[in-house]
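# Fold and contact review
Below are the chains, spelled out letter by letter.
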Amino acid sequence: MTSQTLEVNARNYRWMNRPVVVVCVDGCEPAYLDAAVAAGVTPYLERMMRTGANLLADCVVPSFTNPNNLSIVTGAPPAVHGICGNYFFDRELGQEVMMNDPKYLRAGTVLAAFADAGAKVAVVTAKDKLRKLLGNKMKGICFSSEKAEEATIAENGIDGVVALVGMPVPSVYSAELSEFVFAAGVKLMQTQRPDLMYLSTTDYVQHKAAPGSPAANAFYAMMDGYLAQLDELGATIVLTADHGMNDKHGVDGAPNVIYLQDVLDGWYGAEKARVILPITDPYVVHHGALGSFATVYAPDEASATQWIARIKEVPGMEFVLTRAEAAARFELPPDRIGDIVVVSEQSTVIGTSASRHDLSALEVPLRSHGGVSEQRVPLICNRPVKGIESSRRLRNFDALDLALNHAQ
Ligand SMILES: [Zn+2]
């Protein structure tokens, strides 16, 4: 088995000679790690960054959770795997539909390919929304912290998860939801020793707490202990993030929002433009469905061209692109984005209509993501890596390449 190489989505992966764990820390702006290390609360991460490989990579834009998690497990951009947000507008159906269903996935995962070839594979996610996509057509263990109690052999490849982990199932809005992922990962490594494991957390803490704040440092200190245990168990660990995270508010604490649907309605009348925010999902409490990326459907190409010129003039915009430009620049599936793609700059988010965003649930000034400003993420490994050319633009979806091809 050890000489075997698998080809998945036109990339080759070498068979592992020890367990490989890829960790996607949701919303892990690189500054979180730097601040935690500087504060001395993450001795294992400090060692990992010092003695292994401490790199930076670019995530996929839109810098949202699902497109990036799917990129990491397929080793490919959304143009290949098809998942470019939580939502898109299906023109044929005339409906806004969720992209959480595996039927929207256009590529197989590296995880499923290794499982098919005989590897023992395990996936643990914080939120259940990702579970079916990540575990699509994969033999092995796949469950979420959120629905850990409901895990069955038939559906998840494992049962008795709560007893195994020894931790109560946390609230979906908590730091503990991510801790459960790490605790489960360690227990799985101790009891089942998967050849390949993917752990994916939630950005509840990162949406609320800036790098270096007590809550953020406590989160990374928690993580540090579990990573150290995985290292002691002999795993090769690659840690990356789905996206970064930035403040999206003014000095007064109020969010900087461009309500793009209202803007376009004001210019051209109601019901001409359709603004879609692909960040929209069933869990909006911590970001109010506000991020730095939106896509706009126009009635025809001439309108789109005219609108682009005008949207570019709105203060706070960073990129306003045609469908073709956005598909090429960000490697997106053209049929699942609108006629216009709008990316706002670092401190600004894009909304639809003011009346459609409930900001009352935001307990702290808005921090969010979605734009190019959240594209830089850590890519670190607990072992030195060989054969990475210094000119190479690393992506977070090179995590498996790094772990399997360069860290052994
Ligand atoms: Zn995320």
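Cut-offs used in this document
- Residues numbered from 1 in each chain as written.
- Predicted model: local features only at pLDDT ≥ 70, side-chain atom pairs only at ≥ 80, totals over all residues.
- Heavy atoms only, no water.
- Helix = DSSP H or I, 4+ residues; strand = E, 2+ residues; numbered from the N terminus.
- Contact = heavy atoms within 4.5 Å.
- Donors = N, O, S within 2.8 Å, 3.2 Å for Na, K, Ca; no water.
- Tetrahedral: all angles 85-135°; square planar, octahedral: opposite > 155°, others 65-115°.
- Buried < 20%, exposed > 50% of the residue type's maximum accessible area, 1.4 Å probe, protein only.
- Axes fitted to C-alpha atoms, helices over the stretch in contact; angles between N-to-C directions.
- Parallel < 35°, antiparallel > 145°, perpendicular 65-115°, else oblique.
- Nonpolar A, V, L, I, M, F, W, Y, C, P; charged D, E, K, R; others polar.
- Salt bridge = Lys/Arg side-chain N within 4 Å of Asp/Glu carboxyl O.
- Pairing = 2+ DSSP bridges.
- Domains from an automatic or database assignment.
- Buried area = accessible area lost by both parts, 1.4 Å probe.
- Phe/Tyr/Trp six-rings, centres within 6.5 Å; stacked < 30°, edge-to-face > 60°.
- Core = buried A, V, L, I, M, F, W, Y, C linked by side-chain atoms within 4.5 Å.

## Considerations on the environment of Glu331
Within the element layout of this structure, Glu331 appears in the loop between α14 (323–330) and β16 (340–344). As a C-alpha pair, Glu331 and Val61 span 270 residues in sequence and 8.4 Å in three-dimensional space. Those residues in contact with Glu331, other than ones at most four positions away along the chain, are Pro77, Pro78, Ala79, Ala326 and Arg395.

## Focus on the coordination of the zinc ion
Protein-derived coordination of the zinc ion comes from Asp26 (OD), Thr65 (OG1), Asp242 (OD) and His243 (NE2), at a distance range of 1.9 to 2.2 Å. For the zinc ion, the 4 donor atoms are set out with angles of 89 to 139 degrees between them, so the coordination reads as irregular. Read in sequence order, the donor residues coordinating the zinc ion give the pattern D-x38-T-x176-D-H. Of this pair, Asp26 sits in the loop between β3 (20–24) and α1 (30–38) while Thr65 sits in helix α3 (residues 65–74), and the two are 39 residues apart along the sequence. The class of Asp26 is buried, set by a relative accessible area of 4%.

## Here we look at the packing of helix α2 (residues 43–51) against helix α11 (residues 214–232)
Across the interface, α2 lies against α11 with an axial gap of 7 Å and an inter-helix angle of 60 degrees. As far as their axial angle goes, α11 and α2 are oblique. Listed contacts from α11 to Pro43, Tyr44 and Leu45 of α2 are Tyr220, Met223, Asp224, Leu227, Ala228 and Asp231. A per-class count over the contact of α2 with α11 returns 7 nonpolar, no polar and 2 charged.

## Things to note about the pattern of salt bridges
The final tally for this structure, using the stated rule, is 18 salt bridges. Residue Arg11 is joined to Asp398 by a salt bridge in which the shortest nitrogen-to-oxygen separation is 2.8 Å. Pair noted here: Arg11 is in strand β2 (residues 11–14) and Asp398 is in the loop between β19 (376–381) and α15 (399–406), with a separation of 387 residues, a long-range link. Residue Asp339 is joined to Arg91 by a salt bridge in which the shortest nitrogen-to-oxygen separation is 2.8 Å. In this pair, Asp339 is assigned in the loop between α14 and β16 and Arg91 in the loop between β5 (87–90) and β6 (95–98), connecting sequence segments 248 residues apart. Its relative accessible area of 44% is what places Arg91 among the partly exposed residues.

## Overview of the pairing of β2
Residues Arg11 and Tyr13 point to one face of β2 and are all buried, whereas Asn12 and Arg14, pointing to the other face, are not buried. Sheet topology places strand β1 (residues 5–8) next to β2; 4 bridges connect them, and they run antiparallel. The residue bridging Glu7 from the neighbouring strand is Asn12, located in β2. Hairpin connection from β1 to β2: 2 residues lie between these consecutive antiparallel strands, with Asn9 at a positive phi of about 50 degrees.

## Quick look at the sheet that holds strand β13 (residues 274–276)
The sheet built from 4 strands is open, its strands ordered β13-β14-β16-β15 with antiparallel pairing. Every interior strand has two partners, whereas the edge strands, β13 and β15 (317–322), have only one. Sheet twist, expressed as the average angle between the axes of neighbouring strands with direction ignored, equals 20 degrees. In the sheet, β15 pairs with β16 via 5 bridges, with the strands oriented antiparallel. Note that in β16 the partner of Thr322 across the bridge is Ile340. In this fold α14 packs onto β15 and β16, with an angle of close to 110 degrees to the strand it touches most, β15.

## Things to note about the domain arrangement of the chain
The figure often quoted for interface size is the accessible area lost as the parts come together. On domain assignment, one finds that the chain holds domain 1 (5–245 + 370–406) and domain 2 (257–368). Centre-to-centre separation of domain 1 and domain 2, based on C-alpha positions: 27 Å. The interface is formed by 42 residues belonging to domain 1 together with 35 residues belonging to domain 2. Interface area, domain 1 with domain 2, both sides summed: about 3,500 Å², of which 56% is carbon and sulfur. Taken together, the connections running from domain 1 to domain 2 amount to 5 salt bridges.

## Remarks on the packing of aromatic side chains
Following the criterion strictly, the structure yields 10 aromatic pairs and no others. Measuring from centroid to centroid gives 5.2 Å for Tyr268 and Trp307, while their planes differ by 20 degrees, and the two rings are stacked. On the criterion of sequence distance, the pair formed by Tyr268 in helix α12 (residues 260–268) and Trp307 in helix α13 (residues 301–311) is long-range, its members being 39 residues apart. Judged on exposure class, the residue Tyr268 and its partner Trp307 are both buried. Each ring, one from Phe319 and one from Phe330, has its centre 6.3 Å from the other, and the planes form 85 degrees; the classification is edge-to-face.

## Looking at the nonpolar core
Core analysis: the biggest nonpolar cluster contains 132 residues, and Phe114, Phe143, Met223, Leu227 and Leu239 have the highest contact counts within it. Three or more residues apiece are contributed to this core by two domains, here domain 1 (5–245 + 370–406) and domain 2 (257–368). With residues up to four places along the chain from it excluded, the contact list for Phe143 reads Val123, Val124, Thr125, Arg131, Ala151, Asn156, Ile158, Val161, Phe180, Ala184 and Leu188.

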